[in-house]
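# A look at the structure
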Amino acid sequence: EEKVAQLHGIVPGSLVDKNGKLSDEKCRKNIPNGIGHVCQFACAQELDPDKLRDFVADLQEWLRKNTPSGIPAICHEEAISGFAAKGATVYPQQLGLACTWNPDLMIEKSRQTAEAMRKVGSTMALSPMVDVVRTSTFNRIEESYGEDSYLSGAMGVAFVQGLQGNDLAKGVAACSKHFLGYGGGSESPARVSLVILKWIVVSEMLNIILRFTNQRVYKKVSAGLKWMEKKLPEIRFRWLMVKKNIM
């Protein structure tokens, strides 16, 4: 039961009383074996920085003293445009920062975000989003760095560097997301086949994968692309033919 509890998350409202204070009764009822993480612990509560810090401190103390192994929880929060908490600094969205083509600026913005998060006890950010978005109606386009995979990779890495720093004991862990092809697909002409669009997604995401993974993983991805070319020899020719019309 304790191991299973570490795989679960809980919202802060399930742990506090009507005054926003940590409730021993609710904690004993809802997290008797501990909990892996507290979901969006800041944006889900109307707490100023001092009270938010106290909530995290009280929760971690309760977990250490009242659960079988005394394992603290991960308190994570959104950080796309800065720490998503009452009174925190709001920075431009990722799409706006991408327009600067300035990774150093992204590093500094994320460093400041991490500093604010650590001061209230948060150790993980649900950012950055590095989906390549080529559909103007995609409902999370502002969280992306746009349609260019090279830029998305460069800015995404800068985000992580600023957030985590050189020492995770002092920085905030990043959560790069989401999924291959999640960014809304393409507004390409209907005549472009699905297999071509799949090729575009995989090959373009390679730019990001190269920046977020090690050489061993890259070789596996590269081998997969070569397999696709071997199994579907028409892909490369058709890709070259339509690239200028759909990129």
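Refer to the structure above for everything that follows.
Reference entry: report on the structure contained in this document. (Residues numbered from 1 in each chain as written. Predicted model: local features only at pLDDT ≥ 70, side-chain atom pairs only at ≥ 80, totals over all residues. Heavy atoms only, no water.)

## Brief notes about the overall build of the protein chain
We apply this condition: Comment: elements are numbered from the N terminus, with helices defined as DSSP H or I runs of at least four residues and strands as E runs of at least two. In this scheme, a residue with accessible area under 20% of its type's maximum is buried, one over 50% is exposed, and one in between is partly exposed, where area comes from a 1.4 Å probe on protein chains only. Note on definitions: a residue-residue contact is assigned when non-hydrogen atoms from the two residues lie within 4.5 Å. Under the convention used here, a 1.4 Å probe and the Shrake-Rupley method define accessible areas, while residue burial counts only the protein chains that appear.
From N to C terminus, the protein chain includes nine helices and five strands. Reading the helices (α) and strands (β) of the protein chain from amino to carboxyl end gives α-β-α-β-α-β-α-α-β-α-β-α-α-α. Per-residue burial over the protein chain gives 38% buried out of 247 residues. Taking the contacts inside the protein chain whose residues are at least 6 apart along the sequence as the reference set, 72% of them involve residues at least 24 apart. Entry remark: accessible area of the protein chain is about 13,700 Å², with carbon and sulfur atoms responsible for 55%.

## Regarding the sheet that holds strand β5 (residues 173-174)
The condition is simple: Pairing between strands requires that DSSP locate at least two bridges from one strand to the other.
Reading across the sheet, the five strands line up as β1-β2-β3-β4-β5 and stay open at both edges, with parallel pairing between neighbours. Each edge of the open sheet is held by one strand with a lone partner, namely β1 (9-10) and β5.

## Some points on the side chain of glutamine 94
We apply this condition: Two N or O atoms form a polar contact when they lie within 3.5 Å of each other; inside protein one atom must be a possible hydrogen donor and the other a possible acceptor, and for residues adjacent in sequence the pair counts only when both atoms belong to side chains.
Of note, glutamine 94 is situated in helix α4 (residues 94-98). Within the local environment of glutamine 94, its side chain forms a polar contact with the backbone oxygen of glutamate 143, the two atoms lying 2.8 Å apart. When residues no more than four places from it in sequence are discounted, the contact partners of glutamine 94 are Ile80, Met106, Pro128, Met129, Glu142, Glu143, Ser144, Tyr145 and Phe159.

## Some details on unusual backbone geometry
Going from serine 127 to proline 128, the amide bond is cis rather than trans, its omega being 10 degrees. As for its position among the elements, proline 128 is in the loop between β4 (124-125) and α6 (149-164). For glutamine 40, which is not glycine, the phi dihedral falls at a positive 45 degrees. Note on placement: glutamine 40 falls in the loop between β2 (37-38) and α3 (49-66). Here glutamine 40 falls in the partly exposed class, since its relative accessible area comes to 30%. One non-glycine residue, tryptophan 101, lies in positive phi territory at about 50 degrees. Note on placement: tryptophan 101 falls in the loop between α4 and α5 (103-119). Residue tryptophan 101 is classed as exposed on the basis of its relative accessible area of 56%.

## Let's talk about the nonpolar core
In plain terms, the rule: Buried Ala, Val, Leu, Ile, Met, Phe, Trp, Tyr and Cys residues form a nonpolar core when they are joined through side-chain atoms within 4.5 Å.
If you look at the biggest cluster of nonpolar residues, it comprises 36 residues, and the most contacted ones within it are Ile31, Phe41, Leu52 and Phe83. Looking at this core, the elements with two or more residues in it are α3, α4, α5 and α6. In contact with phenylalanine 41, other than residues within four places in its own chain, are Pro12, Leu52, Phe55, Val56, Cys75, His76, Glu77, Phe83, Val120 and Ser122.

## Digging into α3
Let me state the cut-off plainly: One fewer than the residue count of a helix, multiplied by 1.5 Å, yields its expected span. What the arc covers is the set of directions going from the helix axis to the C-beta atoms.
End to end, α3 covers 26 Å across 18 residues, agreeing with the expected 26 Å (1.5 Å per residue, within 8%). Among the residues of α3, Leu52, Phe55, Val56, Leu59, Gln60, Trp62 and Leu63 are the ones counted as buried. Projected down its long axis, α3 shows its buried positions confined to an angular sector of 160 degrees, all on one face. Residues of α3 that are buried sit in contact with α2 (24-30), β2 and β3 (74-77).

## Overview of α5
Taking 1.5 Å of rise per residue, the 17 residues of α5 would be expected to cover 24 Å, and the 25 Å separating its terminal C-alpha atoms lies within 8% of that figure. Looking at α5, one finds that the buried residues are Met106, Lys109, Ser110, Thr113, Ala114 and Met117. Projected down its long axis, α5 carries its buried residues within an arc of 140 degrees, all on one side. Counted as exposed and oriented over 90 degrees from the buried face of α5: Asp104 and Lys119. The inward-facing, buried residues of α5 contact β3, α4, β4 and α6. By the N-cap criterion, in which a side-chain oxygen at the helix start approaches the backbone nitrogen of a residue two or three places on, α5 is capped by asparagine 102, the distance to aspartate 104 being 3.1 Å. Glycine 121 lies just past α5 and shows a positive phi near 95 degrees.

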